[in-house]
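Notes for the structure review
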Amino acid sequence: MIRVTIQKKDRTIVFPVSERDTIRELLKEKIWWDRRSNRWAGRGDLTEIRKILEDAGYNVKMR
């Protein structure tokens, strides 16, 4: 099972590079590339993002 980590304080979403296209397709407008931190960040409700990823089979950990 592939692990995804969501950091609540800065909304950063960390996942393996090989899953980038799949996760972008799943989350569509709920994820964007944050140039300031050079990481993927979530938009909207983080619990909703977590549910979408878990329904797709990812192991999601929120910090």
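Here goes a summary of the coordinates provided.

Thresholds, definitions, all that
- Residues numbered from 1 in each chain as written.
- Predicted model: local features only at pLDDT ≥ 70, side-chain atom pairs only at ≥ 80, totals over all residues.
- Heavy atoms only, no water.
- Helix = DSSP H or I, 4+ residues; strand = E, 2+ residues; numbered from the N terminus.
- 1 Å grid on protein atoms, 1.4 Å probe; cavity = no way out; pocket = protein on both sides within 12 Å on 5 of 7 lines; lining within 4 Å.
- Points joined across faces, edges and corners; volume = space filled by probe spheres on them.
- Nonpolar A, V, L, I, M, F, W, Y, C, P; charged D, E, K, R; others polar.
- Core = buried A, V, L, I, M, F, W, Y, C linked by side-chain atoms within 4.5 Å.
- Buried < 20%, exposed > 50% of the residue type's maximum accessible area, 1.4 Å probe, protein only.
- Contact = heavy atoms within 4.5 Å.
- Salt bridge = Lys/Arg side-chain N within 4 Å of Asp/Glu carboxyl O.

1. Some words on unusual backbone geometry
Of note in this structure, Arg11 is not a glycine but carries a positive phi near 65°. Looking at where Arg11 falls in the secondary structure, it is placed in the loop between strand 1 (3-6) and strand 2 (12-14). In the Ramachandran plot, Asn38 falls in the positive-phi region, its phi being about 55° despite a non-glycine side chain. If you trace the backbone, Asn38 turns up in the loop between strand 3 (31-34) and strand 4 (39-42).

2. Some remarks on the layout of surface pockets
Each pocket or cavity is described by its volume, and for the largest pocket that value is around 150 Å³. Along its surface, the largest pocket is lined by Ile13, Val14, Phe15, Val17, Arg20, Trp33, Asn38, Arg39 and Trp40. Of the residues contributing to the lining of the largest pocket, the split by class is six nonpolar, one polar and two charged.

3. Some thoughts on the nonpolar core
Counting residues in hydrophobic clusters, the biggest one holds 14 residues, and the most contacted among them are Val4, Ile23 and Leu53. For this core, the secondary-structure elements that each account for two or more residues are strand 1, helix 1 (20-27), helix 2 (46-55) and strand 5 (59-62). In terms of residue count, the dominant contributor to this core is helix 2 (three residues). When sequence neighbours within four positions are dropped, the list of residues in contact with Leu53 reads Val4, Ile23, Leu26, Leu27, Tyr58 and Val60.

4. Let's talk about the pattern of salt bridges
This model, assessed by the stated rule, comprises six salt bridges. Between Glu48 and Lys30 there is a salt bridge, and its shortest N-O distance comes to 3.1 Å. Of this pair, Glu48 sits in helix 2 while Lys30 sits in the loop between helix 1 and strand 3, and the two are 18 residues apart along the sequence. For Glu48, a relative accessible area of 37% corresponds to the partly exposed category. In this structure, Arg50 engages Glu54 in a salt bridge whose closest nitrogen and oxygen atoms are separated by 3.1 Å. In this pair, Arg50 and Glu54 are both assigned in helix 2, four residues apart and thus about one turn of the helix distant. By relative accessible area, which is 28% here, Arg50 ends up partly exposed. Taking the relative accessible area as the measure of exposure, Glu54 reaches 37% and is therefore partly exposed.

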